[in-house]
Amino acid sequence: MYKWIATAVGTVSLLMLVLAQYWSFMPDVFNVQHRAVEEAKKLNVEVVTGFTTTHTLIEVTNTLLHKPRWVLV
């Protein structure tokens, strides 16, 4: 009986450890200025005050929304 409980607890603990490692992967680092300039060229506008901040906020939000985390919010 105790052998089954110990095996179940060990298995669940190992699964949780692997899942935590998967969820904790950091996204790639990106150059904020370079990405803002690329986006401005794509939209055919010039980079004005606040453009870089707004674009970076959008990028970070998209990264957080699409991070693999299933149920975690």
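Residues numbered from 1 in each chain as written. Predicted model: local features only at pLDDT ≥ 70, side-chain atom pairs only at ≥ 80, totals over all residues. Heavy atoms only, no water.

Q: Give a description of a nonpolar patch on the surface that names residues and reports values.
A: A cluster of nonpolar residues, M1, Y2, I5 and V9, forms a patch on the protein surface that exposes about 530 Å² of accessible area. Here V9 is to be found in helix α1 (residues 2-23). (Patch = residues over 30% accessible without salt bridge, like charges linked within 9 Å, V, L, I, M, F, W, Y side chains within 5 Å. Areas by Shrake-Rupley, 256 points an atom, 1.4 Å probe, with all protein chains shown as cover. Salt bridge = Lys/Arg side-chain N within 4 Å of Asp/Glu carboxyl O. Helix = DSSP H or I, 4+ residues; strand = E, 2+ residues; numbered from the N terminus.)

Q: Summarise the layout of surface pockets; cite the residues concerned and give the values.
A: For the largest pocket, the calculated volume is near 360 Å³. Mapped onto the lining of the largest pocket, the elements with two or more residues apiece are α1 and α3 (51-65). Looking at which element gives the most residues to the lining of the largest pocket, the answer is α3, with five residues. Class assignment of the residues belonging to the lining of the largest pocket gives a composition of 10 nonpolar, three polar and four charged. (1 Å grid on protein atoms, 1.4 Å probe; cavity = no way out; pocket = protein on both sides within 12 Å on 5 of 7 lines; lining within 4 Å. Points joined across faces, edges and corners; volume = space filled by probe spheres on them. Nonpolar A, V, L, I, M, F, W, Y, C, P; charged D, E, K, R; others polar.)

Q: Explain the side chain of H55 to me, and be specific about the residues and the numbers.
A: Structurally, the position occupied by H55 is in helix α3. Taking relative accessible area as the criterion, H55 reaches 9% and is therefore assigned buried. Leave out the neighbours within four places in its chain, and H55 touches R35, A36 and E39. (Buried < 20%, exposed > 50% of the residue type's maximum accessible area, 1.4 Å probe, protein only. Contact = heavy atoms within 4.5 Å.)

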